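Results of the structural survey
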Amino acid sequence: MSKAKSSRDRRIAPPGVARVTRSSINPQDSQRTKPADSGLVDDLSLMSVSEQQASLARKGKSPSTKAILSSPSGSSVPRGALGTIGRLMKLGRVRNIVVVAGAGISTASGIPDFRTPGTGLYANLAKYDIPYPEAIFNIDYFSDNPHPFFSLAKELYPGHHRPNYVHYFIRMLHQKGLLLRMYTQNIDGLEKLCGIPDDKLVEAHGSFATAACHLCYTPYPAEEAKQAIMNGSVPICTFCAGAVKPNVVFFGEDLPEKYFQHAEDFPKADLLMIMGTSLKIEPFASLVNTVKSTVPRLLLNRDPVGPFERRPLRRGDYMELGDLSDSVQKLAEILGWHSEIQDLMNSHENGLCSYTDPSNSSGENSDSSETDSMH
Ligand code: OAD
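Below you will find a few notes about this structure. (Residues numbered from 1 in each chain as written. Predicted model: local features only at pLDDT ≥ 70, side-chain atom pairs only at ≥ 80, totals over all residues. Heavy atoms only, no water.)

Before going further, it helps to spend a moment on helix H10 (residues 222-230). Taken residue by residue, H10 has Ala-225, Lys-226, Ala-228 and Ile-229 as its buried positions. Along H10, the residues classed as buried sweep out an arc of 165° about the axis, all on the same side. Tucked inside the fold, the buried residues of H10 contact helix H7 (147-156), strand S4 (206-213), strand S5 (219-220) and strand S6 (244-248). Taken from the residues just after H10, Gly-232 is the one with a positive phi, measuring 85°. (Buried < 20%, exposed > 50% of the residue type's maximum accessible area, 1.4 Å probe, protein only. Helix = DSSP H or I, 4+ residues; strand = E, 2+ residues; numbered from the N terminus. Arc of directions from axis to C-beta. Contact = heavy atoms within 4.5 Å.)

Written as structure tokens, this is what we have:
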């Protein structure tokens, strides 16, 4: 894979510490941030239903479901983040959605994320005997000792997991003609596997689909690299004898060229959906700050992250906290897409592939099984 050469855009993380995003260390931001239990976080109009309930519960007040859930117009569309974004979408005010995603979209597929205490990958690397968790994805450490990464890679290679409802929701955004691009940090390949086409997808942290020498970047057949790694040996570059690795982007490496498409995409976005990421890793995390200030941003995550940690939220920022699958399903229900997504998911997962992609004008089957070849 060709590598972009700008050192400015290298992934940076000091040893042992994930880089903190600008928003969480900006002193102005921290002044604006109110402690969650201070009683001051009560601008209910800025909170989703679940946040309002959590906030009221923290203050020992029982939330009036009626007050929260019934809208003044008596409309059945719920208020809160999902209701607002759902309304915008139904009104046709949104046509170019950029999705920014991380490991949280794949936990429902049985793949742990990185940083959730206890269950995250970085909390479970003791057996690899590495100096700090992120060393396993550090290119200098790999150069010195590729074995910990190769042991882990046996588990990480795509093939054991299936896409979940969240992936299919994003595919449905594409099929409805609303997805401008999906930027994912994930290396599990589930976006491709669920049928999001290549031209709609930017795998910002690379993937296992190709392999190359980590020293001279000479390409190496991905399947041969996989076989060697699975057999416990180190694939060696035929050109310079360096260790070959799958083109997963390590700390200290450049991001794929496709990533730089963001400079054109983000200014065109009319809605940003941020899903299942801690927004801790640069340069990816800062992408969310590159949409126009008038563009709504929706965070779907277990907890507030990045610019969503501050109070009050920026006008136009919405968040729905909780389990991602639940939130995405609620949004799909508001949009009237839920059964369509279930049908798509069932037919694709059962291998029936009978679902016809409405965005495919030739009427060809929408199955993307060609992407399975990477597994
Ligand atoms: P993290 O583990 O840092 O963050 C995942 C986020 O998703 C956290 O905020 C979780 O609370 C949230 N989350 C997890 N499961 C969820 C669920 N079911 N519902 C709602 N929220 C959920 O993962 P990333 O942000 O993707 O780089 O990490 C970024 C990069 O750091 C990765 O690409 C990886 C790592 O170093 C690589 O080298 C491969």
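For the structure shown, the criterion picks out 14 aromatic pairs. Seen in terms of ring centroids, Phe-114 and Tyr-122 are 5.3 Å apart; in terms of plane orientation they differ by 45°. Their pairing is tilted. Classification of Tyr-122 by relative accessible area gives buried; the value is 14%. Three or more aromatic residues joined by ring pairs form one cluster here, namely Phe-114, Tyr-122, Phe-137, Phe-142, Phe-149, Phe-150 and Phe-250. For the cation-ring pair, Lys-245 lies above Phe-250, with the distance from its terminal atom to the ring centre recorded as 4.5 Å. (Phe/Tyr/Trp six-rings, centres within 6.5 Å; stacked < 30°, edge-to-face > 60°. Lys NZ or Arg CZ within 6 Å of the ring centre and 35° of its normal.)

Turning to the site of the ligand, a few remarks are in order. The local shell around the ligand holds 26 residues, among which Phe-114, Arg-115, Tyr-122, Thr-277 and Ser-278 are the closest. The contact in question runs from an oxygen atom of the ligand to an N or O atom on the backbone of Gly-276, over 3.4 Å. Protein contacts shield 97% of the accessible area of the ligand, which totals 790 Å² for the unbound molecule. For the shell around the ligand, a count of residues per class yields 9 nonpolar, 11 polar and 6 charged. (Near = heavy atom within 4 Å. Polar contact = N/O pair within 3.5 Å; in protein donor to acceptor, adjacent residues only side chain to side chain. Areas by Shrake-Rupley, 256 points an atom, 1.4 Å probe, with all protein chains shown as cover. Nonpolar A, V, L, I, M, F, W, Y, C, P; charged D, E, K, R; others polar.)

The description of two helices packed together rests on the angle between their axes and the distance between the axes. It is at 10 Å that the axes of helix H8 (residues 165-175) and helix H13 (residues 338-349) come closest, and there the two elements cross at 110°. Taken together, the axes of H8 and H13 lie roughly perpendicular to each other. Residues Tyr-165, Tyr-168, Phe-169, Arg-171, Met-172 and Gln-175 of H8 pack against His-338, Glu-340, Ile-341, Gln-342, Leu-344, Met-345, His-348 and Glu-349 of H13. (Axes fitted to C-alpha atoms, helices over the stretch in contact; angles between N-to-C directions. Parallel < 35°, antiparallel > 145°, perpendicular 65-115°, else oblique.)

With 6 of its 8 residues buried, S4 lies for the most part within the structure. In this structure, S4 lies alongside S6, joined through 4 bridges in antiparallel fashion. Residue pairing in the sheet places Ala-211 in a bridge with Pro-246 of S6. Across 2 bridges, the pairing between S4 and S5 is antiparallel. Directly across from Ala-211, in S5, lies its bridge partner Tyr-220. If you look at the hairpin formed by S4 and S5, you'll find 5 residues sitting between the two strands, and Tyr-217 has a positive phi there, around 65°. (Pairing = 2+ DSSP bridges.)

Any functional reading would require information that these geometric values do not contain.
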